[in-house]
Amino acid sequence: MNEQTPTPSERAEKLQGLGSSRKRVEDARFTQGKGNYIDDMKLPGMLFGDFVRSIYGHARITSINKEAALALPGVLAVITVEDLKPLKLDYMPTLAGDVQAVLAGDKVLFQGQEVAFVVAEDRYIAADAVELVEVEYQELPALVDPFKAMEPEAPVLREDIKDKTEGAHGPRKNPNHIFTWEAGDAEATETALDQAEVVAKELISYQRCHPCPLETCGCVASMDKVNGKLTVWGTFQAPHAVRTVASLITNIPEHKIRIVSPDIGGGFGNKVGVYPGYICAIVASIVTGAPVKWIEDRIENLSATAFARDYHMKGEIGATRDGKITALRCYAIADHGAFDACADPTKFPAGFFSIFTGSYDIPAAFLSVDGVYTNKAPGGVAYRCSFRVTEASYFIERMIDVLARELNMDPAELRMKNFIKKEQFPYTSATGWEYDSGDYQTAMDKALQAVDYTGLRTEQKANREAFERGETRKLMGVGVAFFTEIVGAGPVKNCDILGLGMFDSCEIRIHPTGSAIARLGTISQGQGHATTFAQILASEIGIAAENITVEEGDTDTAPYGLGTYGSRSTPVAGAAAAMAGRKIRAKAQMIAAYLLEVHDNDLEWEVDRFVVKGAPERFKTMTELAFAAYNQAIPGIEPGLEAVSYYDPPNMTYPFGAYICVVDIDVDTGVTEIRRFYALDDCGTRINPMIIEGQVHGGLTEALAIAMGQEITYDELGNVQGASLLDYFMPTAVETPHWETDSTVTPSPHHPIGAKGVGESPNVGGVSAISNAVNDAFAHLGLKHTAMPHDHWRVWKTAQKLGLTG
Amino acid sequence: MIPGQFDYHRPASVSQAIGLLAEFGENARIVAGGHSLIPMMKLRMATPDHLVDIQDIPELKGVREDAGALVIGALVTQTELIASELLAEKCPILRETALQIADPQVRNAGTIGGNVANGDPGNDMPAVMQALAATYDIAGPNGARQVAARDFYEAAFLTALKDGEILTSIRIAAPAAGHGYAYQKQKRKIGDYATAAAAVILEMSVGTCSSASLALTNVGDTPLYAAAASQALVGTALDETAIGNAVAAAKDITDPAADSRGPKDFRTYVAGVMVKRAIETARSRATA
Ligand SMILES: Cc1cc2nc3c(=O)[nH]c(=O)nc-3n(C[C@H](O)[C@H](O)[C@H](O)COP(=O)(O)OP(=O)(O)OC[C@H]3O[C@@H](n4cnc5c(N)ncnc54)[C@H](O)[C@@H]3O)c2cc1C
């Protein structure tokens, strides 16, 4: 054997494959300010579009006068609903089976709704022209309380569908009702609750918030009148789906549409849907023959494009006196705003909310969700989570704590008592989900030990006594949360969006000199796909990650895929990459067999080469095989080395984790300090530990933002409150505590490399841990539950109600 | 978030600036650091036709001592205020306050003149100026005049400044050596205006408070000089009762708006907490 040959493990290390904390290849351009975002795009002759938006939450439009705007030099067009009607573009389909007004017709239904689209030579003229469009309104009473939406005297919002008794998801009970969605066994749950020794009840609200990516939504639409091809560059989390939807809406054949996502500055669900801005930019480009750019500003982003959450969940949880949970029931009101524009798989109008039994073995469970219309912006997207799993996880994690108080039991102990046990996996929940793998007990034990949980409770006891004696005005709280995510949507048999199955794809081309390009149907918005997908492939095909280019986001070149959200990229596209890599390897094996003059079966794969079994000096490396694929005529084998895989996952993956948060609350000011935050994540096989850590840091920081402040509210007239960064809480490094991260590894049994997805877990688990800690600080004084966000004044109000503020 | 059209002027002297303001009348606005005005213009809540940028006027720059008074030019930025050793030594509450304004980027641009002339009850410096009994030097078409900070603020965004006038500098009689001071501010996050804040300047003489001056930020439609609260401290040992009286008197004059920082009762309560903590800090810092 050649003495110079590095050992297999040395060669493996060089590949920077699975498990390597290789640096992000994206960062070279981002850290130098050389990213290419949508607003960096400049095309010759490009025009700018800007919206006239409703100033009212609910009003009839009595007239629109565009004369003054059109008279302004540099204004090319003012598009209103009258211009869209002949094109049948006044409404567009939403991802949830509803329709949404592209531009308002007779009525506006939320403040900030798009009323007219001004097209001008530059964005400054466009902004001036927006001021000149005169819209007259007749104000109507606004409906902002979702609980009132179902009342008979509530104003009717959607006149366009008021007589429809059947919606996309079954019967509608009244004009403001969208759907009722149920899961689980109502009768068995009723019986179990009746028989339970203890039943705890609580209303758990998860406030309306907004993903607020640093880059707002936007696009450049360009209709090439010569070849009839429409190209749209934009902030799209699902470019292929946008292409298909654009084709269905505009009747432009799909091969004449190209959708490109350039660098995206964060999405978090906000960039999944199709917005009026895209449609208007396309129409404007068709009308003017010039490229048209539309970019939201911050206030528009926060007040008009997709919000998240707004779930109001009435819970009942039953248990034996010694803490064995016997039943769980939830009735939720889901505030969807003026149009149902949720981005959920078609058959799941409440997303995967029925994962609401969490990490616990609960024999009976039932859930009913009513979706309703209100005079608020549409949306209901999964803000860094898989479809409504954050709401579900928050619900059960609060309910467990509420039950723990009722039972006078330690919340960690109650969780331990009810965990699904390791040997129960694969586990089928009461609402029918099949959890793929888990070892909750081990994760929880590790977390409790890491923070010295017993020590924390002892310290807390001393703190409470000192508080009682008047020696301190601070209360300490310990929040324990355990979550199970459900990600990687999803199996085509039950997951589709607008009829498009939620598979994903990867296409690989190996170049003659042994480097490669891989294209996927997903699109990174900061997740680092170009880094991690190359690592998956490096381990599969033995080509160093640095020699593999990963490309996404251009529908003319990438294979069809459903995009990136719901932590689906690694579970679905990552699996497609592994499978495509295996196809490459299979062909390479045949080439190697030919070259080495042995039977296929006499070869074995070793890191980056095929070796003849029993004769280690006889081998062919992937680089040699790649060259052979292009320069030799091999009988029975086509030239070239390429593969494509479309992966339809057999199941979702179920990442989990144990989070513990310690807070100190100043009862006089409501200021809550996070003293310590420990996050243990189990996302199965870890592709790049450094990227995982980065994702966990980012997700936890968003969890902090939501739990402690993020909130979009409306006053009773329907005026949106707090839709600017003056009020909307975006934590900086100053507000963000130190995040301690940890892990266990329980691979997914059905995923080709055992990976589960991690980007969203910290948002799911983090919110509960922080909220539980705040609630825990007051638990000894009889507090059962106080609602998020835990900003200063709400925390102070809690203290005040408990008589602590003198 | 794009401002309306405007013309831009950049005078090189106070008299030129006054000339421009006179020429364009109420359609003109002074711009200094621009970090209050430009956001308002982007929201089109302010739509001036003419911006008179005073950045290039040397007379408005620098910190100096003049006959025992500290004179701070209107164009001194919050960053320069923080960096000034003279101010740190003679009047440290200014550095303490400036450090609680926004973030370094805003402080690099924002000026003390703009901060006090703006008239936004959320600005932090006006209350501090009231606590320090500062006066503002004002130049206008009819010559120069002075207005006490305590008399300057009339309502939100309404001040004693008349059309065509420029605030040229701020004059502060340096507090006695060994004085106690504190600016206590509660905010939701970096870059936020106060939920409530309190400025305190006091002097101690053998265990007794010999003078005290208290003012409040963002709990009314102007900064509030808390005369009764100040009075409640003088002649006391700053014991719990005295502080309690001052807190009660301070809370009495507040009238905060309910906003996303919280309802009225909360903001009033926090104002009291800020007053209490500011007095306690000031007391601990006073050396006599
Ligand atoms: C994100 C952010 C956070 C902030 N947080 C705080 C905070 O916590 N506390 C705080 O106090 N401030 C805060 N500010 C405001 C900041 O301090 C401003 O810079 C300051 O209020 C105004 O100073 P300026 O020089 O920028 O004034 P400009 O914006 O240029 O002017 C403000 C107003 O004063 C007038 N003006 C300016 N100079 C003069 C003069 N010499 N004579 C007469 N009129 C004049 C202008 O015509 C205008 O009406 C914040 C600003 C931002 C953008």
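Calculation criteria
Residues numbered from 1 in each chain as written. Chains lettered and ligands numbered in written order. Predicted model: local features only at pLDDT ≥ 70, side-chain atom pairs only at ≥ 80, totals over all residues. Heavy atoms only, no water. Helix = DSSP H or I, 4+ residues; strand = E, 2+ residues; numbered from the N terminus. Rg over C-alpha atoms; globule rule 2.2 N^0.38 Å. Buried < 20%, exposed > 50% of the residue type's maximum accessible area, 1.4 Å probe, protein only. Contact = heavy atoms within 4.5 Å. Lys, Arg positive; Asp, Glu negative; His and termini not counted. Charge placed at Lys NZ, Arg CZ, Asp CG, Glu CD. Polar contact = N/O pair within 3.5 Å; in protein donor to acceptor, adjacent residues only side chain to side chain. Axes fitted to C-alpha atoms, helices over the stretch in contact; angles between N-to-C directions. Parallel < 35°, antiparallel > 145°, perpendicular 65-115°, else oblique. Left-handed = near helix turned anticlockwise from the far one by under 90°. Nonpolar A, V, L, I, M, F, W, Y, C, P; charged D, E, K, R; others polar. Salt bridge = Lys/Arg side-chain N within 4 Å of Asp/Glu carboxyl O. Domains from an automatic or database assignment. Buried area = accessible area lost by both parts, 1.4 Å probe. Near = heavy atom within 4 Å. Areas by Shrake-Rupley, 256 points an atom, 1.4 Å probe, with all protein chains shown as cover. Pairing = 2+ DSSP bridges. Arc of directions from axis to C-beta. 1 Å grid on protein atoms, 1.4 Å probe; cavity = no way out; pocket = protein on both sides within 12 Å on 5 of 7 lines; lining within 4 Å. Points joined across faces, edges and corners; volume = space filled by probe spheres on them.

1. Quick look at the overall build of chain B
Within chain B one finds 12 helices and 14 strands. Scaling as 2.2 N^0.38, a compact globule of 288 residues should have a C-alpha radius of gyration of about 19 Å, and chain B matches this with 19 Å. Across the 288 residues in chain B, those meeting the buried criterion constitute 54%. In chain B, the proportion of contacts linking residues at least 24 apart, taken out of those at least 6 apart, comes to 61%. Measuring between centres, the 25 positive side-chain charges of chain B sit 5 Å from its 31 negative side-chain charges.

2. Let's talk about the side chain of Gln207(A)
Residue and element names in this part refer to chain A. Tracing the chain through its elements places Gln207 in strand E12 (residues 198-209). Residue Gln207 is classed as buried on the basis of its relative accessible area of 8%. Here Gln710 takes part through its backbone oxygen, which lies 2.8 Å from a polar atom of the side chain of Gln207. The contact partners of Gln207, leaving out residues within four places of it in the chain, are Ala308, Arg309, Asp310, Ile706, Gln710, Glu711, Met788 and Pro789.

3. Topic: the packing of helix H10 (residues 389-407) of chain A against helix H18 (residues 761-777) of chain A
Residue and element names in this part refer to chain A. Where H10 contacts H18, the axes come no closer than 9 Å and their chain directions differ by 30°. Regarding the angle of H10 to H18, the classification is roughly parallel. With respect to the hand of their crossing, H10 and H18 are arranged in right-handed fashion. Of the residues in H18, those in contact with Val389, Thr390, Ser393, Tyr394, Glu397, Arg398, Asp401 and Arg405 of H10 are Asn763, Val764, Val767, Ser768, Ser771, Asn772, Asn775 and Asp776. Here the residues of the contact of H10 with H18 are counted per class, giving four nonpolar, seven polar and five charged.

4. Brief notes about the pattern of salt bridges
Inspection of the entire model under this criterion finds 76 salt bridges over all chains. Of the charged contacts, one joins Asp128(A) and Arg44(B) as a salt bridge, the two residues approaching to 2.7 Å between their closest N and O atoms. Residue Asp128(A) is found in helix H5 (residues 123-132), and its partner Arg44(B) is found in the loop between helix H2 (37-42) and strand E3 (50-53); the two belong to separate chains. Given a relative accessible area of 13%, Asp128(A) falls into the buried group. The class of Arg44(B) is buried, set by a relative accessible area of 19%.

5. Things to note about the domain arrangement of chain B
Residue and element names in this part refer to chain B. Segmenting chain B into domains produces domain 1 (7-52), domain 2 (60-173) and domain 3 (187-283). Using C-alpha coordinates to define each centre, domain 2 is positioned 21 Å away from domain 3. Contact with domain 2, which involves 20 residues of that partner, is made by 19 residues of domain 3. Area buried by domain 2 at its contact with domain 3 is led by Pro121, Ala127 and Ala131, which between them contribute 30% of it. At the junction of domain 2 and domain 3, the tally comes to zero salt bridges. Inspection of the region where domain 2 meets domain 3 yields eight residue pairs in polar contact (both at pLDDT 80 or more). For the side of domain 2 that touches domain 3, the elements supplying multiple residues, two or more each, are helix H8 (125-131) and strand E8 (153-155). Grouping the amino acids of the side of domain 2 that touches domain 3 by side-chain chemistry returns 11 nonpolar, four polar and five charged.

6. What about the site of the ligand?
Residue and element names in this part refer to chain B. Taken together, 30 residues lie around the ligand, and Ile30, Ala32, Gly34, Thr111 and Asp124 are the ones closest in. Contact distances for the ligand include 2.9 Å between an oxygen atom and a side-chain N or O atom of Asn123. Relative to its unbound accessible surface of 960 Å², the ligand loses 91% to contact with the protein. Elements with a contribution of two residues or more to the shell around the ligand: strand E2 (28-31), helix H7 (112-117) and strand E10 (166-173). Of the residues assigned to the shell around the ligand, the class counts are 14 nonpolar, 12 polar and four charged.

7. Observations concerning the sheet that holds strand E6 (residues 135-140) of chain B
All names here are of chain B. Strand order in the open sheet formed by five strands is E4-E5-E10-E6-E7, and the pairing between neighbours is antiparallel. Where the open sheet ends on each side, the last strands, each with one partner, are strand E4 (63-66) and strand E7 (143-148). Along the sheet, successive strands turn relative to each other by an average axial angle of 25°, direction set aside. Relative to E10, strand E5 (residues 69-73) runs antiparallel, the two being bridged by five bridges. Its bridge partner being in E10, Ala69 is matched across the sheet by Ala173. The strands touched by helix H1 (residues 14-24) within the sheet are E6 and E10, with E10 carrying the most contacts at an inclination of about 130°.

8. A word on helix H12 (residues 440-450) of chain A
Residues and elements named next belong to chain A. Among all positions in H12, only Tyr440, Ala443, Met444, Ala447 and Leu448 are buried. One side of H12 holds all its buried residues, which, seen down the axis, span an arc of 125°. Next to the buried residues of H12 lie helix H11 (411-418), strand E22 (434-435), helix H13 (453-468), strand E23 (474-484), strand E33 (656-666) and strand E34 (672-682).

9. Examining helix H19 (residues 792-801) of chain A
Where burial is concerned, most of H19(A) is hidden: seven out of the 10 residues are buried. Inspection of H19(A) places His792(A), Arg794(A), Val795(A), Trp796(A), Lys797(A), Thr798(A) and Ala799(A) among the buried residues, and these make up the whole buried set. Residues of H19(A) that are buried make contact with E33, E34 and H18 of chain A together with strand E11 (180-186) and helix H12 (264-285) of chain B. A positive phi of about 75° marks Gly803(A), the residue just after H19(A).

10. As for empty space enclosed by the protein
All names here are of chain A. Taken as a whole, this structure holds five cavities of 30 Å³ or more when the rule is applied. The space that makes up the largest cavity amounts to roughly 160 Å³. Mapped by element, the contributors of at least two residues to the lining of the largest cavity are strand E4 (91-93) and strand E20 (379-381). Its residues assigned to classes, the lining of the largest cavity comprises 14 nonpolar, four polar and one charged. Mapped onto the domain boundaries, the lining of the largest cavity takes at least three residues apiece from domain 2 (38-140 + 216-264 + 271-304) and domain 3 (307-489 + 652-801). Of the pockets and cavities examined, the second largest cavity occupies roughly 70 Å³. Lining the second largest cavity are Val232, Val242, Val245, Ala246, Ile249, Thr250, Ile259, Val274, Tyr278, Ile279 and Ile282. The dominant element in the lining of the second largest cavity, judged by the number of residues it contributes, is helix H7 (residues 239-250), at five residues. Grouping the constituent residues of the lining of the second largest cavity by class yields 10 nonpolar, one polar and no charged.

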